[in-house]
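Here is what each chain is made of, one letter per residue.
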Amino acid sequence: QVQLVESGGGLVQAGGSLRLSCVVSGGTFSSYGMGWFRQAPGKEREFGAGINRSGGATTYADSVKGRFTIFRDNAKNTVFLQMNSLKPEDTAVYYCARFRSYWWSLDPAQYDYWGQGTQVSVSS
């Protein structure tokens, strides 16, 4: 049974920072790429960042590039999302997800396991 548990969300002022964590239990964490997605009220879930199984390759949505960093610690079965220079438009529920293979995809349908989400709210 694979489970993903996110933490680290909260309320922050614009320009502030947060670090999200996602601990994965079950399965072989280091065999799979991981992704962070977000969903704002009334909007579709959108891709934020992806990382391959080793952590040696990453990709970002244009909306977060240069401000967010995805990284992982395979020894601790954890993937992180460091979010800096936060903007009110970053307000959303953030989800981590396990890709079905060693890379990533921008398509959420290609991910087979999801966390419950953590709320990030950025005030202006």
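Since we're looking at a predicted model, the values are computed, not measured.

Draft legend 1. Looking closely at the nonpolar core. Counting 27 residues, the largest nonpolar core has Trp 36, Ile 70, Val 79, Leu 81, Met 83 and Tyr 94 as its most contacted members. Residue assignment for this core shows that the elements contributing at least two residues are strand S3 (18–25), strand S4 (34–39), strand S5 (46–51), strand S7 (68–73), strand S8 (78–83), strand S9 (92–99) and strand S11 (118–123). Formed by 7 residues, the second largest nonpolar core is a distinct cluster that contains Phe 37, Phe 47, Trp 104 and Tyr 111.

Draft legend 2. Region of the structure containing the pattern of salt bridges. Counted by the stated rule, this structure contains 5 salt bridges. Of the charged contacts, one joins Arg 67 and Asp 90 as a salt bridge, the two residues approaching to 2.7 Å between their closest N and O atoms. With Arg 67 in the loop between strand S6 (58–60) and S7 and Asp 90 in the loop between S8 and S9, this residue pair connects regions lying 23 residues apart in the sequence. The exposure class of Arg 67 is buried, given its relative accessible area of 11%. Among the charged side chains, a network of salt bridges with common partners joins Arg 38, Glu 46, Arg 67 and Asp 90.

Draft legend 3. Region of interest: the packing of aromatic side chains. Scanning the entire structure with this criterion turns up 9 aromatic pairs. Linked through ring pairs, Phe 37, Phe 47, Tyr 95, Phe 99, Tyr 111 and Trp 114 together constitute an aromatic cluster. Residue placement shows Arg 45 over the ring face of Tyr 95; its charged tip is 3.8 Å from the ring centre. Stacked on the ring of Phe 29, the Lys or Arg Arg 72 has its end atom at 4.2 Å from the ring centre.

Draft legend 4. Layout of the sheet that holds S7. The sheet built from 4 strands is open, its strands ordered S1-S3-S8-S7 with antiparallel pairing. If you trace the sheet from one side to the other, it starts and ends with strand S1 (3–7) and S7, each paired once. Adjacent strand axes in the sheet meet at a mean angle of 15 degrees when their direction is disregarded. Both S1 and S3 contribute to a ladder of 5 bridges, which runs antiparallel. Among the inter-strand pairings, Val 5 is bridged to a residue of S3, identified as Val 23.

Draft legend 5. Local environment of unusual backbone geometry. Located in the positive-phi region is Asn 77, a residue other than glycine, with phi close to 50 degrees. On the secondary structure map, Asn 77 appears in the loop between S7 and S8. For Ser 85, which is not glycine, the phi torsion reads 50 degrees and is therefore positive. Tracing the sequence through the fold places Ser 85 in the loop between S8 and S9. When its relative accessible area of 41% is taken as the criterion, Ser 85 is described as partly exposed.

The rules behind each value
- Residues numbered from 1 in each chain as written.
- Predicted model: local features only at pLDDT ≥ 70, side-chain atom pairs only at ≥ 80, totals over all residues.
- Heavy atoms only, no water.
- Core = buried A, V, L, I, M, F, W, Y, C linked by side-chain atoms within 4.5 Å.
- Buried < 20%, exposed > 50% of the residue type's maximum accessible area, 1.4 Å probe, protein only.
- Helix = DSSP H or I, 4+ residues; strand = E, 2+ residues; numbered from the N terminus.
- Salt bridge = Lys/Arg side-chain N within 4 Å of Asp/Glu carboxyl O.
- Phe/Tyr/Trp six-rings, centres within 6.5 Å; stacked < 30°, edge-to-face > 60°.
- Lys NZ or Arg CZ within 6 Å of the ring centre and 35° of its normal.
- Pairing = 2+ DSSP bridges.
- Axes fitted to C-alpha atoms, helices over the stretch in contact; angles between N-to-C directions.

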